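Chain by chain, the residues run as shown.
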Amino acid sequence: MSDFVTLVEVGPRDGLQNEQHPLATTDKVALIQRLAETGLRVIEAGALVSPKAVPQMADSADVLRALDLDAGVRYPVLVPNEKGLQRALQAGVREIAVFAAASDSFSQKNIGCDVAASLERYQPVVEQARAAGCRVRGYVSCVMGCPYEGKVPLSRVVEVSRALAGMGCDEISLGDTIGSGNPRLTRQLIQAVAAELPLSQLAVHFHDTWGMAVANVYQALELGIRIVDCAVAGLGGCPYAPGATGNVATEEIVHLCTGLGLETGVDLRALAETGWWLSNRLGRLPASRVSLALRARC
Ligand code: HMG
Ligand code: MG
């Protein structure tokens, strides 16, 4: 099994989509450039969604235009429909992410249709993206619970994951959108999905609402998962998942991986500095214990 863990930094998208006061476009670009300098090689750069649905992402195309998309870093962007894909291709994007859910109620609130309709909507998006040479990531949200429906059956998560992989998604990110998971559920989730799809195709995406995200990532790593979504300074949240807090902090995952003898290629100190830089701009402390511990030692 590989010793390398690919971190998918979702801070500039998942992290900033829920901020009450949007960060300036120039600061978003600076954030992404700083993150790339820490060694991160996959940075979700924004979302080409309706600005009415998520005003915080209204400038994502401008952010993309300011980045060097050829610099050896992957910059996936969220795309909810064919219009989003056209905008992505115009901006020169090489990787998109479509985002489905395992719960109809969440899907309805988030993207205005139920799960079955979303999969129908994504089919041509994925086909066209692949024909244009784009890599495609498929999210499944609410894999461990829905803010509107409560419990979500594992069979539903497996079904949606299989559907996304079947339509051509290269990678499936399993999202604990409301952070209600725990290591036991994580083991059951991964075993169930990995019975249908290769482990190497799976990523995990934990929010830390109940403080279980690091434990969940540890469980996933123990089971052989090698792609982990995380957000600098523990930013994050979804406007359509009330009460959910940030993603697991990237700083925590780099520290965890180092402790486990796994490589991430990320300079923890530079990353923590970037987390402080961003948190200062947002007027708060980083939601990262590792970052606070590092600062206390200086
Ligand atoms: P709708 O209102 O049903 O769409 O929204 P519509 O086709 O009727 O269009 C409405 C308006 O939006 C029109 O403009 C369209 O042109 C425009 P108007 O004529 O009213 O001026 N529009 C767009 N504009 C720009 N880019 C587009 C686009 N599409 C339509 N791509 C829609 C449906 C899907 C568009 C909307 O609900 C939407 O954009 N939703 C996105 C919500 C979102 O981004 N949520 C957060 C991300 S998901 C998440 O956080 C979970 C995740 O992190 C994993 C986890 O944690 O589990 C991924
Ligand atoms: Mg998320």
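Residues numbered from 1 in each chain as written. Chains lettered and ligands numbered in written order. Predicted model: local features only at pLDDT ≥ 70, side-chain atom pairs only at ≥ 80, totals over all residues. Heavy atoms only, no water.

Peer 1: Report on the coordination of the magnesium ion (ligand 2), specifying residues and quantitative values.
Peer 2: For the magnesium ion (ligand 2), the full set of protein donor atoms is Asp14 (OD), His205 (NE2) and His207 (NE2), at a range of 2.0 to 2.3 Å. We note that the donor set of the magnesium ion (ligand 2) lies within a single chain, spaced as D-x190-H-x1-H. One end of the pair, Asp14, is in helix 1 (residues 11-15); the other, His207, is in the loop between strand 8 (202-206) and helix 9 (213-222), and 193 residues separate them in sequence. For the pair Asp14 and His207, one class covers both residues: buried. (Donors = N, O, S within 2.8 Å, 3.2 Å for Na, K, Ca; no water. Helix = DSSP H or I, 4+ residues; strand = E, 2+ residues; numbered from the N terminus. Buried < 20%, exposed > 50% of the residue type's maximum accessible area, 1.4 Å probe, protein only.)

Peer 1: Give a detailed account of the site of ligand 1, specifying residues and quantitative values.
Peer 2: Ligand 1 sits among 27 residues. The nearest are Gln17, Ser50, Lys52, Asn110 and Thr177. The contact in question runs from an oxygen atom of ligand 1 to an N or O atom on the side chain of Gln17, over 2.8 Å. Between ligand 1 and Thr177 there is a distance of 2.5 Å, counted from an oxygen atom to a side-chain nitrogen or oxygen. The protein chains hide 72% of the 1100 Å² of surface that ligand 1 would expose on its own. Elements supplying a minimum of two residues to the shell around ligand 1: helix 1, helix 4 (82-90), helix 5 (104-111) and strand 6 (135-141). Sort the elements by how many residues they give to the shell around ligand 1 and helix 4 lands first, with three residues. Classifying every residue of the shell around ligand 1 gives eleven nonpolar, ten polar and six charged. (Near = heavy atom within 4 Å. Polar contact = N/O pair within 3.5 Å; in protein donor to acceptor, adjacent residues only side chain to side chain. Areas by Shrake-Rupley, 256 points an atom, 1.4 Å probe, with all protein chains shown as cover. Nonpolar A, V, L, I, M, F, W, Y, C, P; charged D, E, K, R; others polar.)

Peer 1: Residue-level account of the environment of Cys134, with values.
Peer 2: Along the chain, the position of Cys134 falls in the loop between helix 6 (115-131) and strand 6. In this structure Cys134 comes out as buried when scored by relative accessible area, which is 7%. Separated by 126 residues in sequence, Cys134 and Leu260 place their C-alpha atoms 33 Å apart.

Peer 1: Now, about the nonpolar core: what can you tell me, with residues and values included?
Peer 2: By size, the foremost hydrophobic cluster in this structure holds 107 residues, and its most contacted members are Ile96 and Leu164. Setting aside chain neighbours within four positions, we find Ile96 in contact with Val77, Val79, Leu85, Ala88, Val125, Ala129, Arg135, Val136 and Arg137. (Core = buried A, V, L, I, M, F, W, Y, C linked by side-chain atoms within 4.5 Å. Contact = heavy atoms within 4.5 Å.)

Peer 1: Let's hear about helix 5: which residues, and what values?
Peer 2: Among all positions in helix 5, only Phe106, Ser107, Asn110 and Ile111 are buried. Down the axis of helix 5, the buried set is contained in an arc of 100°. They therefore lie on one face. Buried positions along helix 5 lie against strand 5 (95-101), helix 6 and strand 6. In the stretch just after helix 5, Gly112 is the one whose phi turns positive, near 75°. (Arc of directions from axis to C-beta.)

Peer 1: Summarise the sheet that holds strand 5; cite the residues concerned and give the values.
Peer 2: What the nine strands build is an open sheet, ordered 2-1-9-8-7-6-5-4-3; its pairing is parallel. Here the strands that pair on one side only, and so sit at the sheet edges, are strand 2 (42-43) and strand 3 (46-47). Pairing geometry for strand 8 and strand 9 (residues 227-230), over two bridges, is parallel. Within strand 9, the position partnered with His205 by the bridge is Asp229. Strands strand 5, strand 6 and strand 7 (171-176) of the sheet are contacted by helix 7 (residues 154-166), whose axis makes an angle of about 165° with strand 6. (Pairing = 2+ DSSP bridges. Axes fitted to C-alpha atoms, helices over the stretch in contact; angles between N-to-C directions.)

Peer 1: I'd like a description of unusual backbone geometry, backed by residues and values.
Peer 2: Although it is not a glycine, Cys142 sits at a positive phi angle of roughly 60°. Mapped onto the secondary structure, Cys142 falls in the loop between strand 6 and helix 7. Using a relative accessible area of 0% as the deciding quantity, one classes Cys142 as buried. Located in the positive-phi region is Ala233, a residue other than glycine, with phi close to 60°.

Peer 1: Please provide a residue-by-residue account of the state of the cysteines, values included.
Peer 2: Under the definition given, this model contains zero disulfides. Cys142 carries a free sulfur, and the closest cysteine sulfur to it, the one in Cys146, is 4.5 Å from it. (Disulfide = S-S within 2.5 Å.)

Peer 1: I'd like to hear about the pattern of salt bridges, residue by residue, with values.
Peer 2: All told, the structure shown has 18 salt bridges when counted by the stated rule. Note that Glu19 is salt-bridged to Arg284, the shortest N-O span being 2.8 Å. Residue Glu19 is found in the loop between helix 1 and helix 2 (25-37), and its partner Arg284 is found in the loop between helix 11 (268-282) and helix 12 (289-297); the two are separated by 265 residues along the sequence. Classification of Glu19 by relative accessible area gives buried; the value is 10%. Residue Arg284 is classed as partly exposed on the basis of its relative accessible area of 36%. Here Arg74 and Glu95 are joined by a salt bridge, their closest N and O atoms 2.8 Å apart. With Arg74 in the loop between helix 3 (60-66) and strand 4 (77-78) and Glu95 in strand 5, this pair connects stretches of sequence that are 21 residues apart. (Salt bridge = Lys/Arg side-chain N within 4 Å of Asp/Glu carboxyl O.)

Peer 1: How would you sum up helix 7? Please name residues and give values.
Peer 2: An α-helical turn contains 3.6 residues, so any two residues separated by three or four positions project in the same direction. With 13 residues, helix 7 ought to run about 18 Å at 1.5 Å a step, and its terminal C-alpha atoms sit 18 Å apart, in line with that. The complete set of buried residues in helix 7 reads Val157, Val158, Val160, Ser161, Leu164 and Ala165. Residues of helix 7 that are buried in the fold lie against strand 5, helix 6, strand 6, strand 7 and helix 8 (183-194). Looking at the residues trailing helix 7, positive phi occurs at Gly168, about 120°. (Expected span 1.5 Å × (residues − 1).)

Everything listed is a geometric property; what it means functionally is a separate question.
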